[in-house]
Amino acid sequence: MTNEIVETRRPLSPHLSVYRPMLTMLMSIAHRITGAALYVGTLLLVWYLVAAASGEAAFVTVSWFMASFFGQLILFGFTFALLHHFFGGVRHLIWDAGYGFEHPMRERLAQATLICSTLSTLVLFAAAHFLG
């Protein structure tokens with residue numbers, strides 16, 4: 001057999017273009033992205049802690065950066081990533097317990113993950129700015 005014949009008889013593997021995007025699929029992708037974002041955010045936490053241990057000058061520099069608009073934007077994104085990853089983990093824990101596989105419940109869990117992570121992020125940031 002030639003290569004041309006073999007390649008035409010091969011089954012094609014489905015690709016992302018075959019599937020219709022669903023909320024559960026998007027939340028799974030977001031869970032992976034937020035997991036990766038947590039690595040970057042952890043570097044910021046390490047920078048903050050090392051600066052706090054290094055002395056006043058280093059701590060003032062980090063505090064200035066974190067208080068800037070760009071720093072606040074990064075902290076907001078890190079907070080959202082942390083909470084979204086947490087609530088996504090809770091969703092997976094529910095699935096691991098054998099619940100929530102039915103169609104309407106799957107969608108509700110995905111919606112709850114997005115809503116809870118967004119609202120929790122907004123509440124935390126509002127509390128930090130107004131109370132602290």
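Here's a quick rundown of the structure.

What counts as what
- Residues numbered from 1 in each chain as written.
- Predicted model: local features only at pLDDT ≥ 70, side-chain atom pairs only at ≥ 80, totals over all residues.
- Heavy atoms only, no water.
- Patch = residues over 30% accessible without salt bridge, like charges linked within 9 Å, V, L, I, M, F, W, Y side chains within 5 Å.
- Areas by Shrake-Rupley, 256 points an atom, 1.4 Å probe, with all protein chains shown as cover.
- Salt bridge = Lys/Arg side-chain N within 4 Å of Asp/Glu carboxyl O.
- Helix = DSSP H or I, 4+ residues; strand = E, 2+ residues; numbered from the N terminus.
- Buried < 20%, exposed > 50% of the residue type's maximum accessible area, 1.4 Å probe, protein only.
- Core = buried A, V, L, I, M, F, W, Y, C linked by side-chain atoms within 4.5 Å.
- Contact = heavy atoms within 4.5 Å.
- Phe/Tyr/Trp six-rings, centres within 6.5 Å; stacked < 30°, edge-to-face > 60°.
- Expected span 1.5 Å × (residues − 1).
- Polar contact = N/O pair within 3.5 Å; in protein donor to acceptor, adjacent residues only side chain to side chain.
- Axes fitted to C-alpha atoms, helices over the stretch in contact; angles between N-to-C directions.
- Parallel < 35°, antiparallel > 145°, perpendicular 65-115°, else oblique.
- Left-handed = near helix turned anticlockwise from the far one by under 90°.
- Nonpolar A, V, L, I, M, F, W, Y, C, P; charged D, E, K, R; others polar.

### Considering a nonpolar patch on the surface
Stage number 1. Residues Leu-45, Tyr-48, Leu-49 and Phe-59 make up a contiguous nonpolar surface patch of about 350 Å² in total accessible area.
Stage number 2. A per-element tally of the nonpolar patch places helix H2 (residues 23-54) first, with 3 residues.
Stage number 3. Note that Phe-59 resides in helix H3 (residues 56-67).
Stage number 4. Judged by its relative accessible area of 30%, Phe-59 is partly exposed.

### Concerning the nonpolar core
Stage number 1. Within the largest apolar cluster, 5 residues are counted, these being Leu-44, Ala-51, Val-62, Phe-65 and Met-66.
Stage number 2. Broken down by secondary-structure element, the contributors of at least two residues to this core are H2 and H3.
Stage number 3. For this core, the leading source of residues is H3, giving 3 residues.
Stage number 4. Those residues in contact with Val-62, other than ones at most four positions away along the chain, are Trp-47, Tyr-48 and Ala-51.

### Points about the packing of aromatic side chains
Stage number 1. Taken as a whole, this structure holds 6 aromatic pairs when the rule is applied.
Stage number 2. Taken together, the ring pairs in this structure connect Trp-47, Phe-65 and Phe-70 into an aromatic cluster.

### Examining H3
Stage number 1. Taking 1.5 Å as the rise per residue, H3 with 12 residues should run 16 Å; its terminal C-alpha atoms sit 16 Å apart, in good agreement.
Stage number 2. As for H3, its buried residues are in contact with H2 and helix H4 (69-96).

### Looking at the side chain of Thr-79
Stage number 1. When you line up the elements, Thr-79 lands in helix H4.
Stage number 2. Classification of Thr-79 as buried rests on a relative accessible area of 17%.
Stage number 3. In terms of polar contacts, Thr-79 uses its side chain to reach the backbone carbonyl oxygen of Leu-75, at 2.7 Å.
Stage number 4. Excluding anything up to four places from it in sequence, Thr-79 contacts Thr-121, Leu-124 and Phe-125.

### Here we look at the packing of H2 against H4
Packed helix pairs are characterised by how far apart their axes lie and by the angle those axes make with each other.
Stage number 1. Where H2 meets H4, the axes come as close as 8 Å, and the angle between the chain directions of the two elements is 130 degrees. Here H2 is positioned oblique relative to H4, judged by the angle of their axes. Considering only the axes of H2 and H4, their crossing is left-handed. Between H2 and H4, the contacting residues are Thr-24, Met-27, Ser-28, Ala-30, His-31, Thr-34, Gly-35, Ala-37, Leu-38, Gly-41, Thr-42 and Leu-44 on the first element and Ile-74, Phe-78, Ala-81, Leu-82, His-84, His-85, Gly-88, Gly-89 and Arg-91 on the second.
Stage number 2. The residue makeup of the contact of H2 with H4, split by class, is 9 nonpolar, 11 polar and 1 charged.

### Description of helix H5 (residues 103-131)
Stage number 1. For H5, built from 29 residues, the straight-helix expectation of 42 Å at 1.5 Å per residue is met to within 8% by its first-to-last C-alpha distance of 41 Å.
Stage number 2. Residues of H5 that are buried include every one of Glu-107, Leu-109, Ala-110, Thr-113, Ser-117, Thr-121 and Phe-125, and no others.
Stage number 3. Residues of H5 that are buried in the fold lie against H2 and H4.

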